[in-house]
Amino acid sequence: TALGAGAAMLPALAESARAAQSEYGPFKMGLQSYSLRGFQPVDAALAQTKLLGIHYWEAYNAHVPLTTDPAQVKEIMGKLKAADVKVLAHGVTRFTANAEANRKVFEAAKALGIQTLSADPDPDSFDNLEKLVDEFKINIAIHNHGPGHRYDKLQQVGDAIKGRHPRIGASADLGHFLRSGEESVKVVETLGKRIYSVHLKDVKDKTHFTILGKGDMDLVGVLRALKAIKYDHVLALEYEENPQNPIEDIRQCLAAVRAAVQKI
């Protein structure tokens, strides 16, 4: 019967979904939704994400606002579920010494089921953040933002997290690290288990972002290093170029990841 045929297809569809994810090996391959900033509102970005076969996001605020309003949370979570997308991380968020404001961010992250907050924390925010990561069981991941930023070099990120709560770690933007003259594999090996988010991004000659595999990042080496530390957080492709029409470029980036996975 038609009903029987439909039921028989369900395991095949589930297997197809598993196969698609397995193309990315052990990684939770996702997008930093900023890559889709030209697609607003969030429904448009989620539709593109679904077409790309991606199921994980590190969301940014224009797509997923940090809110505790029950109606808003319900609406956002409903849209994410319908697109089969899970927001594992969110950012980048600045934190200050304002403990009340910091707490509101964590409360929103908890309401939205977010595991990691990519962050640009002021130095005087860390004592408060230590208490919050322990209370909420949500990670803080310091985001490096390239030359001139306070978290520019690998050393600066390492110094900021040294001696801090284990849940205070790094959001390793490998493209910005390349701009800062840091070698991508060394970044992963140095920060290790303290990496709670990765922005997978390629750069050529420290000056311009490009499609993965066409810049100076050792993509196979990076994935091999991440596999060695059993990295299990979001591996977020962040593509900064061509914001109004990025889809074909993003497809090429994802194909590069799939090809690299076969070599690790």
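Please refer to the structure placed before this passage.
Let me begin by describing the structure that accompanies this report. (Residues numbered from 1 in each chain as written. Predicted model: local features only at pLDDT ≥ 70, side-chain atom pairs only at ≥ 80, totals over all residues. Heavy atoms only, no water.)

Quick look at the overall build of the chain now. Along the chain, the regular secondary structure elements total ten helices and ten strands. The dimensions of the chain, computed from C-alpha atoms along their principal axes, are 65 × 45 × 35 Å. Looking at the 264 residues of the chain, the share that counts as buried comes to 52%. Taken as a whole, the chain presents about 12100 Å² of accessible surface, with 54% of it coming from carbon and sulfur. Charge-centre separation for the chain: the mean point of 33 positive side chains lies 4 Å from the mean point of 32 negative side chains. (Helix = DSSP H or I, 4+ residues; strand = E, 2+ residues; numbered from the N terminus. Buried < 20%, exposed > 50% of the residue type's maximum accessible area, 1.4 Å probe, protein only. Areas by Shrake-Rupley, 256 points an atom, 1.4 Å probe, with all protein chains shown as cover. Lys, Arg positive; Asp, Glu negative; His and termini not counted. Charge placed at Lys NZ, Arg CZ, Asp CG, Glu CD.)

So, on to unusual backbone geometry. Glutamine 40 connects to proline 41 through a cis peptide bond whose omega is 0°. Checked against the element boundaries, proline 41 lands in the loop between β1 (28–32) and α2 (42–51). Valine 92 follows glycine 91 through a cis peptide bond whose omega is 15°. Unlike most non-glycine residues, lysine 137 shows phi in positive territory, near 60°. We classify lysine 137 as partly exposed; its relative accessible area is 49%. The phi torsion at asparagine 242 lies on the positive side, around 50°, for a residue other than glycine. When its relative accessible area of 36% is taken as the criterion, asparagine 242 is described as partly exposed.

Our focus in this paragraph is the pairing of β1. For β1, the tally of buried residues reaches four of five residues, placing the bulk of the element in the interior. In this structure, β1 lies alongside strand β10 (residues 234–237), joined through four bridges in parallel fashion. Paired with leucine 31 across the bridge in β10 is leucine 237. Of the pairings in the sheet, the one linking β1 to strand β2 (residues 56–59) comprises three bridges and is parallel in character. Considered in β2, the bridge of leucine 31 is made with tryptophan 57. Crossover connection from β1 via α2 to parallel β2: handedness right-handed. (Pairing = 2+ DSSP bridges. Right-handed = clockwise from strand over helix to strand, strands pointing away.)

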